[in-house]
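# An overview of the molecular structure
Each chain, letter by letter, is given below.
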Amino acid sequence: MLKIPRRASMVSSLIEAYRLPSLLRTVQPTPASFEDLCKFHQEDYLEFLQKISQQEDIEKYDEEAQLYGLSYDCPAHPGVYDYASLVTGATIQAAECLMNKTADIAINWFGGWHHGKKDSASGFCYTNDVVLGILKLREKFNRVLYIDLDVHHGDGVEDAFCSSNKVLTVSVHKHAVGFFPGTGSVSDVGMGKGKYYSVNIPLQDGIKDAEFSALVCRVLLKVRDRFNPEAVVCQCGADGLTGDPNGAFNLTPNALGKCVYTLLSWKRPLLLLGGGGYNHANTARCWAYLTAVVLGRKLPDDIPEHKYLMEYGPDYTLTVTPGNQGDHNTQESVQALYSQILYNLSQIS
Ligand SMILES: CC1(C)CN(C2CCCC2)C(=O)N1c1ccccc1/C=C/C(=O)NO
Ligand SMILES: [Zn+2]
C-alpha cells in the first residue's frame with residue numbers, strides 16, 4: 001500500500017512531463033469530512049479507522065481490526081484515514097465540478113478504490129470514493145452509469161447499488177477460482193428494483209486489446225440505448241495491462257483508450273478514476289495516455305526527460321507492447337457471454 005503514493009507521484013510527474021496540465025484546470029482537493037464519508041460508510045467503522053490511523057503501534061487493535069477487514073491482507077497503516085479522506089474528497093469534488101458545470105470531464109487518477117465496503121476495508125480499499133462520488137452525482141443526475149475496467153470485479157460499487165435502478169454498474173474483470181474478489185459472474189445481475197442493472201463481463205486470462213475493447217464497447221452501446229445515463233463514471237484500473245504483477249490480461253493502454261473514447265463521444269458528464277495498477281511505469285503510461293485521449297492530443301512516443309525517466313527503460317517509450325501469452329478466452333466463449341449479457345439487458349424495462 002505504501003508504494004501507492006510513489007505510483008501517484010510517477011503518474012503526476014509523467015502528466016507534467018508531457019506538459020498536459022497547461023490544458024487542464026487542476027483543483028486542490030479538500031479531504032472528505034467525517035459526515036461526507038458517513039453518507040456511505042458506517043460510523044463505527046470510520047471511528048475505528050480514524051483511531052488506528054493516529055496510532056503508531058496498531059498491533060494492540062488486532063482483535064477489533066479483524067472485524068473491519070483491517071487484517072494481514074489489508075493492513076491499516078499510520079495516516080490511512082487522512083489518505084483515504086483526501087482521495088475521497090478529490091473524487092467528490094470532481095463530481096461537483098460536473099454538477100456545477102465547471103467541467104464536462106473530471107479526472108481523479110488517485111481515486112477508484114472500488115472494493116471498499118460500508119462497514120469494512122477490502123482489497124486495500126479503505127473508503128469507497130467511487131460510491132461516494134456516484135452518490136454525489138445522484139444529487140443532480142437521475143440515472144448514473146458506472147463502468148469498471150479494472151482487472152478485479154468492482155464488488156464494492158456493485159454491492160452499494162445492487163438494488164437500485166438509478167445506478168447501472170458494468171464491470172469487466174478476470175473471473176476465476178481463487179482470483180480476488182471471486183464475485184462478478186455473468187448471472188450476477190442485481191436484485192429487487194435493481195435486477196438487471198448490474199452487468200458483469202467475466203473473462204479469463206490473456207485477453208488482448210481488440211477483443212476486450214470490441215466486447216466492452218458493444219455492451220456499452222447497448223447499455224446506453226437501454227439506460228440512457230445522464231452522467232457516467234469510469235474506473236480505469238490499469239492492472240489488466242500486460243506486465244502487471246497480476247499477470248492476468250494482456251492489454252495495452254489502447255484498450256482502455258477505446259472505451260474512454262466511446263464514452264467521450266456520448267457528450268455526457270464523465271468522471272474518470274484510477275484504481276489498481278501494480279506495474280507503476282505502465283500505470284503512469286496508461287493514465288497519461290488517457291488524459292491525452294480526453295484532451296484530444298497525441299503524445300510523442302519518447303518519454304520526456306523527468307525525475308522518473310529511468311523507470312521507463314529499456315525502451316523509454318509511451319507505447320506498451322502486448323505480451324505473447326495465450327488468450328484463454330475463445331471466440332465462442334466471448335460470443336456466448338455477449339449473448340447472455342444482451343439477454344439480461346433486454347429485461348431492463
Ligand atoms: C496487495 C495488492 C493491492 C497488490 N496486488 C498486486 C501486487 C502483487 C500482485 C498484484 C494485489 O493483488 N493486491 C491485492 C491483494 C489482496 C486483495 C486485493 C488486491 C488487489 C486489488 C485490486 O487491485 N483491485 O482493483
Ligand atoms: Zn484491481
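Here the structure is shown first, and the text comes after it.
Below or above, wherever it landed, is the structure these notes cover. Note that the structure is a prediction, hence the values are computed from the model and not measured. (Residues numbered from 1 in each chain as written. Chains lettered and ligands numbered in written order. Predicted model: local features only at pLDDT ≥ 70, side-chain atom pairs only at ≥ 80, totals over all residues. Heavy atoms only, no water.)

### Some words on the pairing of strand 3 (residues 167-174)
Within strand 3, 8 of the 8 residues are buried, which leaves the element mostly enclosed by the surrounding structure. By the bridge criterion, 5 bridges tie strand 2 (residues 144-148) to strand 3 in an arrangement that is parallel. Directly across from Val-144, in strand 3, lies its bridge partner Val-167. For the crossover that starts at strand 2, traverses helix 7 (residues 155-160) and ends in the parallel strand 3, the hand is right-handed. The pairing of strand 3 with strand 4 (residues 198-203) spans 6 bridges and is classified as parallel. Paired with Val-172 across the strands is Ile-201, a residue of strand 4. (Buried < 20%, exposed > 50% of the residue type's maximum accessible area, 1.4 Å probe, protein only. Helix = DSSP H or I, 4+ residues; strand = E, 2+ residues; numbered from the N terminus. Pairing = 2+ DSSP bridges. Right-handed = clockwise from strand over helix to strand, strands pointing away.)

### Comments concerning the coordination of the zinc ion (ligand 2)
The zinc ion (ligand 2) binds to the protein through Asp-150 (OD), His-152 (ND1) and Asp-239 (OD), with metal-donor distances spanning 1.9 to 2.1 Å. With 6 donor atoms in place around the zinc ion (ligand 2) and angles of 31 to 163° between them, the coordination shape is irregular. Counting gaps between the donor residues of the zinc ion (ligand 2) yields the pattern D-x1-H-x86-D. The buried category is assigned to Asp-150, whose relative accessible area is 0%. For His-152, a relative accessible area of 9% translates into the label buried. (Donors = N, O, S within 2.8 Å, 3.2 Å for Na, K, Ca; no water. Tetrahedral: all angles 85-135°; square planar, octahedral: opposite > 155°, others 65-115°.)

### Examining unusual backbone geometry
A cis geometry characterises the amide bond from Phe-180 onward to Pro-181, with omega recorded as -10°. Of note, Pro-181 is situated in the loop between strand 3 and strand 4. Following Gly-313, the chain continues into Pro-314 via a peptide bond in cis, with omega recorded as -5°. On the secondary structure map, Pro-314 appears in the loop between helix 10 (280-295) and helix 11 (331-346). One non-glycine residue with positive phi stands out, namely Arg-19, at about 55°. Along the chain, Arg-19 turns up in the loop between helix 1 (3-17) and helix 2 (34-37). Taking relative accessible area as the criterion, Arg-19 reaches 66% and is therefore assigned exposed.

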